[in-house]
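Residue-level structural notes
Each chain is listed here by its residues.
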Amino acid sequence: MALSLIISNIKKSYKDKKVLDGCSFSFEQSGVYVLMGPNGSGKSTLLRICALLESPDDGEIIYYEDGKVVENNLNLRRRITLLLPNIGIFNTTVFKNVAYGLKIRGMNKGEIKERVEKALDFVGLLHKKKQNALSLSSGEAKRMGIARAIVLEPEFLFLDEPTASVDQENTEIIENIITQLKQRLNSIIIMATHDYQSAKRTGDILLFLEKGKLTRTSVCSESPFQLLQGML
Ligand SMILES: Nc1ncnc2c1ncn2[C@@H]1O[C@H](COP(=O)(O)OP(=O)(O)O)[C@@H](O)[C@H]1O
Ligand SMILES: [Mg+2]
């Protein structure tokens, strides 16, 4: 059975600023969930909390499998990956950058090679595996970040603004990668973006975060303006 996540009544404030004010949702079916909302609405905060990297002030984050609660330990956290908007790049080859997460998990060399090459091929960077990662363009660096995340074969993949500050060509490539990923990984992908068009192209389920509240919305509106109006 697949891993699922239920969050309930998540609240989070920083100093006196209330960022999340009772967010609840069930992530149970595989697919791409897109989390939209204006800058500063708390998208990154919610992703960090769902990815178990930060604790909420109140509320529950519960991962389930076979109808049972999965204990929050290293084993669970290894089934979850969060890709940050600005990935740290190590001053070494693209291959070694992608291999890092597998190496620290103690995987053998042969398996690492096979998985890294598959992930690089998937994001269209196999031909650059020997290149120093610092010399990649920003779009390529984003794609390398995706390779570094998917090589771990996470069951929950959180992507924080994967197409922010990326040119049109790389945006299309990244959106295609995300669309193909959901078939390949058969997992749950939760992606934050403030780009409504991108959300509409890639998302199966659209979520909107504003004023600390999370709402499910529909893809039928033609513009973000209509979408927002529909929610007022
Ligand atoms: N670690 C932190 N310390 C203090 N304030 C924070 C912290 N993380 C986020 N915030 C604040 O919380 C609000 C939501 O931020 P964020 O989750 O990054 O929004 P988004 O990703 O939607 O742009 C912002 O006002 C931000 O400044
Ligand atoms: Mg953010």
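The paragraphs below set out a description of the structure included in this document. Given the structure is predicted, the values throughout are model-derived calculations rather than measurements.

Turning our eyes to something else, we now look at the overall build of the chain. Regarding its fold elements, the chain presents eight helices and ten strands. When its C-alpha atoms are laid out on the principal axes, the chain stretches across 50 × 40 × 35 Å. Burial status across the chain gives 49% buried among its 232 residues. By sequence separation, contacts in the chain at least 24 residues apart represent 68% of the contacts at least 6 residues apart. Element-wise, carbon and sulfur atoms account for 49% of the exposed surface of the chain, whose accessible area totals about 11800 Å².

For the rest of this paragraph, the subject is the packing of aromatic side chains. Evaluation of the coordinates by the stated rule reveals six aromatic pairs. With a centroid separation of 5.0 Å and 55° between ring planes, the pair formed by F90 and Y100 is classed as tilted. Taken together, the positions of F90 in the loop between strand 6 (80–83) and helix 3 (94–103) and Y100 in helix 3 put the pair ten residues apart, joining distant regions of the chain. Relative accessible area serves as the criterion here: at 42%, Y100 is assigned to the partly exposed category. One aromatic cluster is present, formed by F25, F27 and Y33 through successive ring pairs.

On to the site of ligand 1, then. If you check the shell around ligand 1, you find Y14, K17, V19, P38, N39, G40, S41, G42, K43, S44, T45 and R48 and nothing else. Here T45 contributes a side-chain N or O atom positioned 2.6 Å from an oxygen atom of ligand 1. Its free accessible area being 560 Å², ligand 1 has 61% of it covered by the protein chains. Among the elements of the structure, strand 2 (17–27) and helix 1 (43–50) are those that each provide at least two residues to the shell around ligand 1. It is helix 1 that provides the largest number of residues to the shell around ligand 1, a total of four residues. Classifying every residue of the shell around ligand 1 gives three nonpolar, six polar and three charged.

With that settled, the discussion passes to the side chain of E140. With respect to the helices and strands, E140 occurs in helix 5 (residues 138–150). A distance of 3.0 Å separates a polar side-chain atom of E140 from the backbone nitrogen of S137. E140 has contacts with L125, K128 and N170, leaving out every residue within four places of it along the chain.

Moving on to the environment of G124. Checked against the element boundaries, G124 lands in the loop between helix 4 (109–122) and helix 5. For the pair G124 and A147, spaced 23 residues apart in sequence, the C-alpha separation works out to 9.5 Å.

The next subject is the pattern of salt bridges. The full count for this structure, using the stated rule, is 14 salt bridges. With a shortest N-O distance of 4.0 Å, K18 and D21 are connected by a salt bridge. Residue classification places D21 among the partly exposed positions, given a relative accessible area of 21%. Between E155 and R79 there is a salt bridge, and its shortest N-O distance comes to 2.7 Å. Pair noted here: E155 is in the loop between helix 5 and strand 7 (156–160) and R79 is in the loop between helix 2 (74–77) and strand 6, with a separation of 76 residues, a long-range link. By relative accessible area, E155 is classed as partly exposed at 28%. Of the residues examined, R79 reaches a relative accessible area of 16% and is grouped as buried. Because the salt bridges share partners, they merge into one network encompassing K12, R48, E54 and D57.

Turning next to the pairing of strand 3 (residues 31–36). Summarising burial for strand 3: six of the six residues are buried, a large majority. Neither face of strand 3 is exposed, since G31, Y33 and L35 on one face and V32, V34 and M36 on the opposite face are all buried. Both strand 3 and strand 8 (residues 188–193) contribute to a ladder of six bridges, which runs parallel. Of the residues in strand 8, the one forming a bridge with V32 is I189.

Thresholds applied
- Residues numbered from 1 in each chain as written.
- Chains lettered and ligands numbered in written order.
- Predicted model: local features only at pLDDT ≥ 70, side-chain atom pairs only at ≥ 80, totals over all residues.
- Heavy atoms only, no water.
- Helix = DSSP H or I, 4+ residues; strand = E, 2+ residues; numbered from the N terminus.
- Buried < 20%, exposed > 50% of the residue type's maximum accessible area, 1.4 Å probe, protein only.
- Contact = heavy atoms within 4.5 Å.
- Areas by Shrake-Rupley, 256 points an atom, 1.4 Å probe, with all protein chains shown as cover.
- Phe/Tyr/Trp six-rings, centres within 6.5 Å; stacked < 30°, edge-to-face > 60°.
- Near = heavy atom within 4 Å.
- Polar contact = N/O pair within 3.5 Å; in protein donor to acceptor, adjacent residues only side chain to side chain.
- Nonpolar A, V, L, I, M, F, W, Y, C, P; charged D, E, K, R; others polar.
- Salt bridge = Lys/Arg side-chain N within 4 Å of Asp/Glu carboxyl O.
- Pairing = 2+ DSSP bridges.

Interpretation in functional terms is not warranted from these geometric data alone.
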